[in-house]
Amino acid sequence: MAVTADEFRRFMAQWPSGVAVVTTANRGVPAGCTVNAVMSLSAAPLCSSSR
């Protein structure tokens, strides 16, 4: 599900704190971890599944 840059900014501005689950897949193998700090570095990351 894609989100617009404005939706992403609005979400990050409202994220108070807490736990986030970060997931990815490498060659079809899923991986994930939980984190208690999240920081947005870019609304348009270089590595994107839309490419």
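From a predicted model like this one, the values you see are computed outputs, not experimental measurements.

Draft legend 1. Looking closely at the pairing of strand β1 (residues 20-26). The pairing of β1 with strand β2 (residues 29-35) spans seven bridges and is antiparallel. When the bridges of β2 are listed, Asn26 appears paired with Val29.

Draft legend 2. Geometry of the environment of Thr24. With respect to the helices and strands, the residue Thr24 is situated in strand β1. Contact partners of Thr24, with chain neighbours within four places excluded, come to Val29, Pro30 and Ala31.

Draft legend 3. Spatial organisation of the environment of Thr23. Mapped onto the fold, Thr23 is located in strand β1. Separated by ten residues in the primary sequence, Thr23 and Cys33 have C-alpha atoms spaced 6.7 Å apart. Not counting the four nearest positions on each side in its chain, Thr23 is found in contact with Ala31 and Gly32.

Draft legend 4. Representation of the pattern of salt bridges within the structure. Inspection of every chain in the model, using the stated rule, returns one salt bridge. Between Asp6 and Arg9 there is a salt bridge, and its shortest N-O distance comes to 3.1 Å. In this pair, Asp6 and Arg9 both sit in helix α1 (residues 5-14), three residues apart, roughly one turn of the helix. For Arg9, a relative accessible area of 49% gives the class partly exposed.

Draft legend 5. Quick peek at the pairing of β2. Across the seven residues that make up β2, only a small minority, zero, are buried. Remark: two residues form the turn of the hairpin made by β1 and β2, two consecutive strands paired antiparallel; Arg27 in that turn has positive phi of roughly 55 degrees.

What counts, and where the lines are drawn
- Residues numbered from 1 in each chain as written.
- Predicted model: local features only at pLDDT ≥ 70, side-chain atom pairs only at ≥ 80, totals over all residues.
- Heavy atoms only, no water.
- Pairing = 2+ DSSP bridges.
- Helix = DSSP H or I, 4+ residues; strand = E, 2+ residues; numbered from the N terminus.
- Contact = heavy atoms within 4.5 Å.
- Salt bridge = Lys/Arg side-chain N within 4 Å of Asp/Glu carboxyl O.
- Buried < 20%, exposed > 50% of the residue type's maximum accessible area, 1.4 Å probe, protein only.

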